[in-house]
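Per-entry structural report
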Amino acid sequence: INELINGYRDFFSRIGFGNPFQTQAIANHLDISAAAVSDKLKKLAQDHLIIYSPYKGAKVTPVGEKQAKAIIRRHRILELYFHNVLDITLDKVHVE
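Residues numbered from 1 in each chain as written. Predicted model: local features only at pLDDT ≥ 70, side-chain atom pairs only at ≥ 80, totals over all residues. Heavy atoms only, no water.

**Focus: the environment of Q67**
Here Q67 shows up in helix α4 (residues 62-84). Judged by its relative accessible area of 34%, Q67 is partly exposed. The spatial distance from the C-alpha of Q67 to the C-alpha of L49 is 8.4 Å, given a sequence separation of 18 residues. (Helix = DSSP H or I, 4+ residues; strand = E, 2+ residues; numbered from the N terminus. Buried < 20%, exposed > 50% of the residue type's maximum accessible area, 1.4 Å probe, protein only.)

Laid out in structure tokens, this is it:
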């Protein structure tokens, strides 16, 4: 889930965790192939983090949402640490 949420965080924050999403929508957002997205989604479905139906799309499960939100929270805490303590500008936080 770390890899998915870190890479797809903006996508999920835009559509919301409770909403279904299409594989192609993620592929378009990230400018990667739908096949690559499908492979990741299948792995997440095996871990019961999403409900995935090929050619129909997917939806994040409550367990997946809980884990994703925890990762996003940790990410935001690190951003604040880099900015407030290490004095790195917010536009450079992701580069560092």
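Now that the structure is up, let's keep going.
**Regarding unusual backbone geometry**
Phi is positive for H48, which is not a glycine, with a value near 65 degrees. You can see H48 is positioned in the loop between α3 (34-46) and β1 (50-53). Overall, H48 belongs to the exposed group, its relative accessible area being 60%. In the Ramachandran plot, D87 falls in the positive-phi region, its phi being about 60 degrees despite a non-glycine side chain. Residue placement: D87 occurs in the loop between α4 and α5 (90-93).

**Re the nonpolar core**
Residues F21, L41 and I50 are the most contacted members of the largest nonpolar core, which totals 14 residues. Where this core is concerned, the elements lending two or more residues are α2 (23-30), α3, β1, β2 (57-60) and α4. Setting aside residues no more than four positions away along its own chain, L41 makes contact with F21, T23, I50 and Y52. (Core = buried A, V, L, I, M, F, W, Y, C linked by side-chain atoms within 4.5 Å. Contact = heavy atoms within 4.5 Å.)

**Regarding the pairing of β2**
Where β1 and β2 come together, 4 bridges link them in antiparallel fashion. From the neighbouring strand, I50 faces β2, where its bridge partner is V60. What sits between β1 and β2 in their antiparallel hairpin is a turn of 3 residues, with Y55 showing a positive phi close to 70 degrees. (Pairing = 2+ DSSP bridges.)

**Here we look at α3**
Given a rise of 1.5 Å per residue, 13 residues ought to cover 18 Å, and the 18 Å separating the end C-alpha atoms of α3 matches this to within 8%. What α3 keeps buried is the set V37, S38, L41 and L44. Mapping the buried residues of α3 onto a view down its axis gives an arc of 125 degrees, with all of them on the same face. Every exposed residue of α3 that faces more than 90 degrees away from the buried side is listed here: A35, K43 and Q46. (Expected span 1.5 Å × (residues − 1). Arc of directions from axis to C-beta.)

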